[in-house]
Amino acid sequence: MTEQPHTFWQRLVAWWHGRHATAAPEITVKDGVWLEQRDQGHYRLGLSSDALEQIGDISFADLPIMTDDQLAAGDDILEVESDKAVENFKTPFAGSVTKVNQDLVVDPATINHNAQAANWILELQVA
């Protein structure tokens, strides 16, 4: 049995979607913090899966930052406590905080999920 060839419209739609598909955002990891470039000079930061594995289940998280705060490279962005350790995570870039994950502020256990969409910390506009 031979496979039916795709119609002209199916090929056209596939070509169109292929040309206009958005590229996956570039993600890098530095000192336990993942950085996802959202657009030019705008980043979302969160804890890397390696950092989460090394720390264990987080029972307390303190975000000493708020929206519109100005950060220098190396400033603390998150302090976490777990059954294994107390750890401070720092921003690798200087910039202005544009958004803070309020779900993380309300429920620190949110960060224990190794899901990038849920465990981000902040968004930063790099200076």
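Structural data are supplied above this passage.
Along each chain, the written sequence defines residue order, and numbers are assigned to residues from 1. Local features in this predicted model are restricted to residues whose pLDDT is 70 or higher, and side-chain atom pairs enter the listing and the counts only when it is 80 or higher, whereas totals over whole chains, interfaces and linings include all residues. Hydrogens and water are ignored here; the side-chain numbers use all heavy atoms of the structure.

> What is the right way to look at the sheet that holds strand E5 (residues 70-71) in this model?
In any sheet, the strands associate via hydrogen bonds between backbone groups, in a parallel or an antiparallel arrangement. We treat two strands as partners when DSSP finds at least two bridges between them. Put simply, DSSP marks the helices as runs of H or I at least four residues long and the strands as runs of E at least two long, and each gets a number from the N terminus on. Read from one edge to the other, the open sheet built from six strands follows the order E1-E2-E3-E9-E8-E5, with strand pairing classed as antiparallel. Across the chains shown, the open sheet's two edge strands, defined by having one partner strand only, are strand E1 (27-30) and E5. Relative to strand E2 (residues 33-39), E1 is paired through four bridges, and the arrangement is antiparallel. Bridge assignment links Val29 to a residue of E2, and that residue is Trp34.

> Could you clarify how one ought to interpret the pattern of salt bridges in this entry?
The working definition used for a salt bridge is a side-chain nitrogen of Lys or Arg within 4 Å of a carboxyl oxygen of Asp or Glu. Enumeration over the complete set of coordinates arrives at three salt bridges. Residue Glu36 is joined to Arg38 by a salt bridge in which the shortest nitrogen-to-oxygen separation is 3.2 Å. Between Arg44 and Glu123 there is a salt bridge, with the nearest N and O atoms lying 2.5 Å from each other. You can see Arg44 sitting in strand E3 (residues 42-47) and its partner Glu123 sitting in strand E9 (residues 120-126), a full 79 residues away along the chain.

> How do you make sense of the sheet that holds strand E4 (residues 58-62) when you look at a structure like this?
Spatially, E4-E6-E7 is the arrangement adopted by the three strands of the open sheet, whose pairing is antiparallel. On the outer flanks of this sheet lie E4 and strand E7 (86-90), each paired with one strand and no other. Within this sheet the neighbouring strands show an average axis-to-axis angle of 20°, counted without direction. One ladder, built from five bridges, connects strand E6 (residues 76-82) with E7; its direction is antiparallel. When the bridges of E7 are listed, Leu78 appears paired with Phe89. Here an axis means a line fitted to C-alpha atoms, over the contact stretch when the element is a helix, while the angle between two N-to-C directions is reported on a 0 to 180 degree scale.

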